[in-house]
Amino acid sequence: MRVAYTDVLVVGGGLAGLRCATGVKQRGHDVVLLTLVPPKRSHSAAAQGGMQASLGNCSKGEGDNEDIHFADTIKGSDWGADQDVARMFVNTAPKAIRELAAWGVPWTRVHRGDHQAIINAKKVTLTEKDEAHGLITARDFGGTKKWRTCYTSDGTGHSMLYAMDNKAQEQEITVHERMEAMALIHENGRCYGAVARNLMTGELVAYIAKATSIATGGYGRIYAVSTNAVICQGMGQAIALETGIATLGNMEAIQFHPTAIVPVGILTTEGCRGDGGLLTDVDGYRFMPDYEPEKKELASRDVVSRRMVEHMRKGKGVKSRYGDHLWLDITILGREHIEKNLREVKDICMSFLGIDPAEKPIPVRPTQHYSMGGIRTDYKGESQTLKGLYSCGEAACWDLHGFNRLGGNSVAETVVSGMLQAEHIADYCDTEESEIDISTKLIKEFVDKEQAKLDYLLEPKENAESAYPLRRAMENIMMDKVGIFRNEKDLQDAVDELEQLLIRSRNIEVKHKTLTANPELFNAYRVQRMLKLALCVAKGALERRESRGAHAREDYLERNDKDFLNRTLTSWPDENQTMPTITYEDIDIKSMELPPGFRGYGKDMTITNPESKTRQDEVDKIREELEAKSADRFEIQSAIMEYKSKLPDRYNGKNERLWERLDD
């Protein structure tokens, strides 16, 4: 048995994992990072459009600040977000983006003077101020009041990931590639690391650490068509679930991106619409203004996706051998703009569709894209139920996004949650409480248990199952019955069918009898875990009888703040269970800075909670009293909801802008 010891174990080599690891290392603690693929091949590289931070440098971002970004985020979440976390996030995002600039991210910049832009299908002239020349600029994204999404053409994630990985190499962080965490080692409510498997040799290695952070991304591959990379199978969430102690939050909150190309599901960035692209139907008609006259194509992602499906249901989709689709038309932007700012979109269209998007529209339809759910943590990023276990980025339910995330907030969240969590982990590692007290006997028990599971998959069985048809069946069930629109019958059928697939998966036999590099083997044990995650999603969706954010029930159209202003918590306390255990965590209206209200899309379908008006009256009174005393916005905000005590000291300062100078 091989055992490796370190201060901090980070599982996942994307933006969140790398930023957590670099932050811990900066504080003087040893760190080992495990990753399925080399970090520069992480799915973070696929993020195209940008990262939200309220810099307010460009003319259409002028006046932006943390307050506006906060309000956009809470409304976008459909009041499902943790408002303390959202405040921490919007305060830190400008610091994160400037840090990344110092580390080498070539953010697109403001150029003084006039330039052309497409807004609402019309060419307009925007004028940038001389004093903003050379500062980081931004583009428009859905659900925001200001242009706030900072970018590097349409390769933002790629640029950020390379800069972050370079920083990790500069710090000489230990990275173990082709390693997969198979189980968390824990005892008496404390996590001590993980058992990991070398995907090439099949060897199991125990990594023992004071703190363990899971940053493995989302679980989109439980769906048949997803914009997620093939490695986004939710294994980080699954091994946390299988502890029987850690909980997952809001697993039913699944976002569909409006503009994935047909049929392969590869993403075309929201930057296409942010820069002025249009959605049109079979007749070439621009339909979004009919549904959302104010925001049109730049309504929040969940809203646009539903409107697209509604429009296709009316017979306005374009027929194809792969099903109905709509058109994303960016020809209006012109070839020069596309080849400069949307060059990756052009390459994707040329390579996978044979279409030049500067000349022809792109066939698109909504496709599974992002997982708001994940390992439930507190504001520090630590599991609420398993000490020493942390999570950040898309793997976590921190909970910044609630039931729908805004575009650009997830890329920002990776680095912001990573940098904040790193400080909390380092603080924890500085205490005596973090000292490791674990026997080699316990370590061996966890290693032997995982080895036994692998050996069992190789054993001959009567009526043996193959993992591949089970996985395809799961993917199709999720796509057909737990998709954009949901209803009681489909969800109940999905739960019943997934439960039977899970039972059948316990009889999987791997035909290729080797523990070394064996795709059939890792597909087998991953499918068993993916089925558990799929059940968490489907069962949570079935029990949440309301519509909130990306969770849209056709049979319960209202957002029900009276009965469902809460987070769904799922756990799996007994490994022999065939269904997750579901409980709920209330979201406290009394502590909110922004009490629940009308989100601003379509008709207000809210079943209100009486506490919302009470809290809004309290907030209004505090604001009026302090404004009468000429208090500034920071004093007013702090009086309504104090959050800064939760921020690490090094990130607690104000953010400077052209009109908010720190030396004034």
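A brief structural summary. Being a predicted model, the structure only gives us computed values, none of them experimental.

The full count for this structure, using the stated rule, is 71 salt bridges. Residue Lys-40 is joined to Asp-165 by a salt bridge in which the shortest nitrogen-to-oxygen separation is 2.7 Å. Residue Lys-40 is found in the loop between strand 2 (31-35) and strand 3 (51-52), and its partner Asp-165 is found in helix 4 (residues 156-170); the two are separated by 125 residues along the sequence. Here Asp-78 and Arg-599 are joined by a salt bridge, their closest N and O atoms 4.0 Å apart. Within this pair, whereas Asp-78 is found in the loop between helix 2 (66-76) and helix 3 (83-102), its partner Arg-599 is found in the loop between strand 23 (581-586) and strand 24 (606-607), the two being separated by 521 residues in sequence. Take Asp-78: its relative accessible area is 7%, and that puts it in the buried class. A single network of salt bridges, built from pairs that share partners, joins Asp-78, Glu-252, Asp-302, Arg-306, Arg-544, Glu-546, Arg-548, Arg-559, Asp-561 and Arg-599.

The next thing to look at is the sheet that holds strand 13 (residues 278-280). Here four strands make up an open sheet; going across it, the order is 12-15-14-13 and the pairing antiparallel. Every other strand in the sheet has two partners, leaving strand 12 (254-261) and strand 13 as the edge strands with one partner each. Strand after strand, the sheet turns through a mean of 45° between neighbouring axes, direction not considered. Relative to strand 14 (residues 326-329), strand 13 runs antiparallel, the two sharing three bridges. Across the sheet, the residue bridging to Leu-279 is Leu-328, located in strand 14.

With that settled, the discussion passes to the nonpolar core. Core analysis: the biggest nonpolar cluster contains 106 residues, and Ile-222, Ile-330, Met-474, Met-478, Val-482, Leu-498 and Val-537 have the highest contact counts within it. For this core, the element with the most residues is helix 15 (residues 519-543), which contributes 14 residues. Each residue touching Met-474, except ones within four places of it in the same chain, is listed here: Arg-221, Ile-222, Leu-498, Leu-501, Met-530, Leu-531 and Ala-534.

A few words on the packing of aromatic side chains. Counted by the stated rule, this structure contains three aromatic pairs. On the numbers, 6.3 Å between centres and 85° between planes, the contact of Phe-287 with Tyr-291 is edge-to-face. For the ring pair Tyr-390 and Tyr-428, a centre distance of 6.4 Å and an interplane angle of 50° mean the geometry is tilted. Here the residue Tyr-390 occupies a position in strand 17 (residues 389-391), and Tyr-428 occupies one in helix 11 (residues 409-429), the gap between them amounting to 38 residues. Above the plane of the ring of Tyr-162 lies Lys-40, whose end atom (NZ or CZ) is 5.3 Å from the centre. A cation sits over an aromatic face here: Lys-461 above Tyr-456, 4.2 Å from the ring centre.

As a further point, take the pairing of strand 4 (residues 113-119). Bridging between strand 4 and strand 5 (residues 122-128) involves seven bridges; their strand directions are antiparallel. For Gly-113, the partnering residue across the bridge sits in strand 5 and is Glu-128.

Moving on to the environment of Pro-363. Looking at where Pro-363 falls in the secondary structure, it is placed in strand 15 (residues 362-371). Along the backbone, Pro-363 and Trp-327 are 36 residues apart, and their C-alpha atoms lie at a distance of 4.8 Å. Residues contacting Pro-363, with those up to four places away along its chain left out, are Ala-260, Ile-261, Val-262, His-325, Leu-326, Trp-327, Leu-353 and Ile-355.

Right, let's talk about the packing of helix 13 (residues 467-481) against helix 14 (residues 488-505) for a bit. Two elements in contact, helix 13 and helix 14, have axes whose closest approach is 10 Å; the angle formed by their N-to-C orientations is 170°. Of the possible angle classes, the one that applies to helix 13 and helix 14 is roughly antiparallel. Where helix 13 crosses over helix 14, the handedness of that crossing is left-handed. Note on element contacts: helix 14 touches helix 13 through Asp-490, Leu-491, Asp-493, Ala-494, Glu-497, Leu-498, Leu-501, Arg-504 and Ser-505, opposite Leu-470, Ala-473, Met-474, Ile-477, Met-478, Asp-480 and Lys-481. For the contact of helix 13 with helix 14, the residue count by class is nine nonpolar, one polar and six charged.

With respect to the helices, strands and loops of the structure, Ser-417 is situated in helix 11. Side-chain polar atoms of Ser-417 contact the backbone oxygen of Thr-414, separated by 3.5 Å. Look past the residues within four positions of Ser-417 in its chain and what remains in contact with it is Cys-392, Gly-393 and Trp-398.

Moving on, we come to the sheet that holds strand 11 (residues 248-249). Spatially, 18-16-11-22-23 is the arrangement adopted by the five strands of the open sheet, whose pairing is mixed. With partners counted over all chains shown, the strands left at the sheet margins are strand 18 (396-397) and strand 23, one partner each. Summarising the sheet, strand 11 and strand 16 (residues 374-376) pair through two bridges and their orientation is antiparallel. Residue Leu-248 lies in a different strand from strand 16, and its bridge partner there is Ile-375. Sheet strands in contact with helix 15 are strand 11, strand 22 (566-571) and strand 23, and its direction is about 60° off that of strand 23.

Helix length check: helix 12 (residues 440-458) (19 residues) gives 27 Å between terminal C-alpha atoms against 27 Å at 1.5 Å per residue, within 8%. Considering only its buried residues, helix 12 is in contact with strand 1 (2-11), strand 8 (179-187), strand 9 (190-198), strand 10 (204-214) and helix 15.

Let's shift gears to unusual backbone geometry. Going from Val-262 to Pro-263, the amide bond is cis rather than trans, its omega being 10°. Position of Pro-263 relative to the elements: it lies in the loop between strand 12 and helix 6 (271-274). Of note in the backbone geometry, Asp-78 takes a positive phi value of approximately 55° without being a glycine. Positioned with a positive phi, Glu-172 is a non-glycine residue whose angle comes to about 60°.

As a further point, take the environment of Glu-292. Structurally, Glu-292 is set in the loop between helix 7 (288-291) and helix 8 (301-316). For Glu-292, the residues in contact, after removing those within four places along its chain, are Ala-299, Val-303, Arg-307, Tyr-601 and Gly-602.

Quick look at the environment of Leu-279 now. Inspection of the secondary structure puts Leu-279 in strand 13. Taking relative accessible area as the criterion, Leu-279 reaches 0% and is therefore assigned buried. For the pair formed by Leu-279 and Lys-319, sequence separation is 40 residues and the distance between their alpha carbons is 16 Å.

We now examine the pairing of strand 14. Here strand 14 shows one buried face, formed by Leu-326 and Leu-328, and one open face, formed by Trp-327 and Asp-329. As paired elements, strand 14 and strand 15 share three bridges and run antiparallel to each other. The residue bridging Leu-328 from the neighbouring strand is Ile-362, located in strand 15.

To continue, consider the side chain of Asn-652. Position of Asn-652 among the secondary structure elements: in the segment after helix 17 (633-640). When its relative accessible area of 18% is taken as the criterion, Asn-652 is described as buried. Beyond its immediate stretch of four places on either side in the chain, Asn-652 contacts Lys-644 and Leu-647.

Looking now at helix 16 (residues 610-628). Taking 1.5 Å of rise per residue, 19 residues should cover 27 Å, and helix 16 covers 28 Å from first to last C-alpha, within 8% of that figure. Inspection of helix 16 places Ser-612, Arg-615, Val-619 and Leu-626 among the buried residues, and these make up the whole buried set. Viewed along the axis of helix 16, the buried residues span an arc of 75°, placing them on a single side of the element. Helix 16 presents Pro-610, Lys-613, Lys-621, Glu-624 and Ala-628 as exposed residues on the side facing more than 90 degrees away from its buried surface. Buried positions along helix 16 lie against helix 17.

What counts, and where the lines are drawn
- Residues numbered from 1 in each chain as written.
- Predicted model: local features only at pLDDT ≥ 70, side-chain atom pairs only at ≥ 80, totals over all residues.
- Heavy atoms only, no water.
- Salt bridge = Lys/Arg side-chain N within 4 Å of Asp/Glu carboxyl O.
- Helix = DSSP H or I, 4+ residues; strand = E, 2+ residues; numbered from the N terminus.
- Buried < 20%, exposed > 50% of the residue type's maximum accessible area, 1.4 Å probe, protein only.
- Pairing = 2+ DSSP bridges.
- Axes fitted to C-alpha atoms, helices over the stretch in contact; angles between N-to-C directions.
- Core = buried A, V, L, I, M, F, W, Y, C linked by side-chain atoms within 4.5 Å.
- Contact = heavy atoms within 4.5 Å.
- Phe/Tyr/Trp six-rings, centres within 6.5 Å; stacked < 30°, edge-to-face > 60°.
- Lys NZ or Arg CZ within 6 Å of the ring centre and 35° of its normal.
- Parallel < 35°, antiparallel > 145°, perpendicular 65-115°, else oblique.
- Left-handed = near helix turned anticlockwise from the far one by under 90°.
- Nonpolar A, V, L, I, M, F, W, Y, C, P; charged D, E, K, R; others polar.
- Polar contact = N/O pair within 3.5 Å; in protein donor to acceptor, adjacent residues only side chain to side chain.
- Expected span 1.5 Å × (residues − 1).
- Arc of directions from axis to C-beta.

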